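Summary of structural features
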Amino acid sequence: MTATLTRPLTATEAIETRRSIRKFVQEPVDQGDLREILRLASLAPSAWNAQTWRFAVVQDPQLREQLREAAYGQAQVTNAPAVIVVYSDMEDTLQTVEETAHPGMGEAGRSGQRQTFDGVFGQQDVAQRGQWGLSQANIAFGFLMVAARGLGYDTVPMLGFDPAKVRAILGLPEHVQFAGMLPIGKRAEEGFPHHRHPVERITKFY
Ligand SMILES: Cc1cc2nc3c(=O)[nH]c(=O)nc-3n(C[C@H](O)[C@H](O)[C@H](O)COP(=O)(O)O)c2cc1C
C-alpha cells in the first residue's frame, strides 16, 4: 500500500478524484503497488471472459524517450516514472483460448470455449476480430485508471501516438491493437476540474 494513503480510496473517491495529470513527482512507482494496480485492472470483465488485454510496463528511461517521440513529443511520457501500454492481442487470445475457460467447468468448459471462439471468430479476418478484441481491452484500460487512483496514483490516458512506431519500439506483432498508453505516477500538478455533460443531456430514461 502506497505510503501516502492509509487505505485504498473507495470506487467513488477514485472516480471523483481521477483527472488527467501530466506532471509527476520524480520518484519511481512502488513495484508492489504497480503489480497490484495491474492485478486489479485484470479483474475487468470481458465477453466470454476472453481477457484480450495485454500490458507493457515501460520504466526504462531510454524506452520512454522513444515512446515520447512516438507520441509526437508529449512530455508526460518521460515525465512519468512509468508508462503502461495497454493493447489487445486477439490472436494470442484465440490460440490459447482454453486458458480462459473457468476451471470449475472442467474439460467440457475448455472444449466449449474453443468451439465458441472458433465458431464466432474463425471466419473473421485478423482486423475484424482485432477490433472486437480492442473493445474488450478498453474495459481494462478504464479499470486500470481507477485502480491506479484507488491506490493513490495518477495517470493520463493517451491515444496520441503512432501505433506502428509503438509496436516497433515494444517488439509487438502487427495485429495488436492499442487501447492506449498510460503514464503513471504521483501528481505534481492539480490537473483540470471535470467538465462533463450533465446526466440529463446524455441519458434517456424509459
Ligand atoms: C482514449 C483517450 C485518449 C487520450 N489521449 C490523450 C493524449 O494523447 N494526450 C493527452 O494529453 N491527453 C489525452 N487524453 C486525455 C483527455 O484529454 C482527458 O481525459 C479529458 O480531457 C478529460 O479530462 P480528465 O481526464 O482530466 O477528466 C486522452 C483521453 C482518452 C480517454
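Quick notes on the rules
Residues numbered from 1 in each chain as written. Predicted model: local features only at pLDDT ≥ 70, side-chain atom pairs only at ≥ 80, totals over all residues. Heavy atoms only, no water. UniProt positions renumbered as here; feature names shortened; annotations may be inferred. Core = buried A, V, L, I, M, F, W, Y, C linked by side-chain atoms within 4.5 Å. Buried < 20%, exposed > 50% of the residue type's maximum accessible area, 1.4 Å probe, protein only. Helix = DSSP H or I, 4+ residues; strand = E, 2+ residues; numbered from the N terminus.

The protein is annotated in an unreviewed UniProt entry as Nitroreductase from Deinococcus budaensis. UniProt, in the comment section headed Sequence similarities (unreviewed entry), describes the protein in these words: "Belongs to the nitroreductase family."

1. Here we look at the nonpolar core
Looking at soluble globular proteins, one finds that nonpolar side chains tend to be buried together. If you look at the biggest cluster of nonpolar residues, it comprises 23 residues, and the most contacted ones within it are I37, I84, L144, Y153 and I184. Elements supplying a minimum of two residues to this core: α2 (31–41), β2 (82–88), α7 (126–150) and β4 (177–185). Sort the elements by how many residues they give to this core and α7 lands first, with 8 residues. Formed by 17 residues, the second largest nonpolar core is a distinct cluster that contains V83, V85, V166 and F178.

2. Brief notes about the UniProt feature "domain: Nitroreductase" (unreviewed entry) in the protein
As annotated in UniProt, the feature "domain: Nitroreductase" (unreviewed entry) corresponds to residues 15–186 in the numbering used here. Its end C-alpha atoms 16 Å apart, residues 15–186 is made of 48% helix and 14% strand.

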